[in-house]
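# Report on the structure
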Amino acid sequence: MKQALRNCILSPLGTFGLALIIATPLTLPNATEAQTADNGSTSAAISEMDAERGKDLFAERGCVVCHAVNNVGGDIGPGLDASNMNIAREPFEFFARMWRGAESMLHLQQADLGYQIDFSGQDIADIFAFVQDGDIQESFTEEDLPEHIREIIDNGPSIPKN
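Residues numbered from 1 in each chain as written. Predicted model: local features only at pLDDT ≥ 70, side-chain atom pairs only at ≥ 80, totals over all residues. Heavy atoms only, no water.

## Some points on the side chain of glutamine 137
Using the following cut-off: Put simply, DSSP marks the helices as runs of H or I at least four residues long and the strands as runs of E at least two long, and each gets a number from the N terminus on. Any two residues whose heavy atoms approach within 4.5 Å at even a single point are treated as in contact.
By secondary structure assignment, the location of glutamine 137 is in helix H7 (residues 134-138). Beyond its immediate stretch of four places on either side in the chain, glutamine 137 contacts Val69, Asn70, Leu80, Asp81, Ala82, Phe130, Val131 and Gln132.

Here it is in structure tokens:
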């Protein structure tokens, strides 16, 4: 293999070409330069967050079965009112806390909904925006809940609160 590589690359270059390759400095871009070249910016791209869409997702996907907002929803998980949220308002900490509760949430989703909720990154970003927006939360009522979600809340969760 090495001989084939030499014959293919080095033979046509000759001694002068090889010396030129060795003498040419190799400059690699640092991470910032590489990112700037890719998108013209040095900051990380973060999606726009839509709190209204997050409100709809919170209700439709069943987050509200365990988490209350504006006195609507269950109490098996922590309440997520913006006015008294005791979790960090930094999105990555919010996501980390979700991750730490993932096993319990998946178990409850399967028990109460019959399936695992599937979220995209944009879905989670929008839900995060909703739990941060007190004004939009004030408009959240039981009328926002799909009938099957309201029935689960009314009947109580399958797994009692610890």
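So, next bit.
## Quick look at helix H3 (residues 51-60)
Spelled out, the test is: Throughout, exposure labels follow a simple rule: accessible area from a 1.4 Å probe, protein chains only, divided by the maximum for the residue type, with under 20% read as buried, over 50% as exposed, and the rest as partly exposed. Think of a polar contact as two N or O atoms within 3.5 Å of one another; within protein, one of them needs to be a possible hydrogen donor and the other a possible acceptor, and neighboring residues in sequence only count if both atoms come from side chains.
Along H3, the residues classified as buried are Ala51, Gly54, Lys55, Leu57, Phe58 and Ala59. Contacts from the buried residues of H3 go to helix H6 (121-132), H7 and helix H8 (147-155). Capping the start of H3, aspartate 50 holds a side-chain oxygen 3.1 Å from the backbone nitrogen of glutamate 52, two or three residues further along.

## Some remarks on unusual backbone geometry
Trans is the common state for peptide bonds, and a negative phi is the common state for residues other than glycine. Located in the positive-phi region is asparagine 70, a residue other than glycine, with phi close to 55°. Position of asparagine 70 among the secondary structure elements: in the loop between H3 and helix H4 (91-100). Positioned with a positive phi, asparagine 71 is a non-glycine residue whose angle comes to about 60°. Note on placement: asparagine 71 falls in the loop between H3 and H4.

## A look at the confidence of the model for the protein
What counts is decided by this rule: What pLDDT conveys is the predictor's confidence in a given residue, as a value from 0 to 100.
Residues with a pLDDT of 70 or more make up 67% of the protein, whose mean pLDDT is 77. Ranking the helices and strands of the protein by mean pLDDT puts H3 first, with 97, and helix H1 (residues 2-23) last, with 41. A low-confidence stretch, residues 1-32 stays under pLDDT 50, and its non-local contacts, those more than four residues away or across chains, total nine contacts.

## Points about the state of the cysteines
Keep this limit in mind: What counts as a disulfide here is a pair of cysteine sulfur atoms lying within 2.5 Å.
All chains considered together, the criterion is met by zero disulfides. Among the cysteines around cysteine 63, which has no disulfide bond, cysteine 66 carries the closest sulfur, lying 8.9 Å off.

## Considering the pattern of salt bridges
Where we set the bar: Salt bridge, as used here: a side-chain nitrogen of Lys or Arg that lies within 4 Å of a carboxyl oxygen of Asp or Glu.
Tallying each qualifying case throughout the model produces seven salt bridges. Put simply, arginine 53 and aspartate 123 hold a salt bridge, and the shortest N to O gap is 2.7 Å. With arginine 53 in helix H3 and aspartate 123 in helix H6, this pair connects stretches of sequence that are 70 residues apart. Judged by its relative accessible area of 33%, arginine 53 is partly exposed. With a shortest N-O distance of 2.6 Å, aspartate 126 and arginine 53 are connected by a salt bridge. Of this pair, aspartate 126 sits in helix H6 while arginine 53 sits in helix H3; the two residues are 73 residues apart in sequence, bridging distant segments of the chain. One continuous salt-bridge network, built from bridges that share partners, spans Arg53, Arg61, Asp123 and Asp126.

## A closer look at the nonpolar core
Applicable threshold: In this description, a nonpolar core means a group of buried Ala, Val, Leu, Ile, Met, Phe, Trp, Tyr and Cys residues linked to one another through side-chain atoms lying within 4.5 Å.
Counting residues in each nonpolar core, the largest one holds 26 residues, and the members touching the most others are Phe58, Val64, Phe130, Val131 and Phe140. Of all the secondary structure elements, the ones that give two or more residues to this core are H3, H6 and H8. Ranked by the residues each element gives to this core, the list is headed by H6, at five residues. Among residues more than four places away in sequence, those in contact with phenylalanine 130 are Ala51, Gly54, Lys55, Phe58, Val69, Ile136, Gln137 and Phe140.

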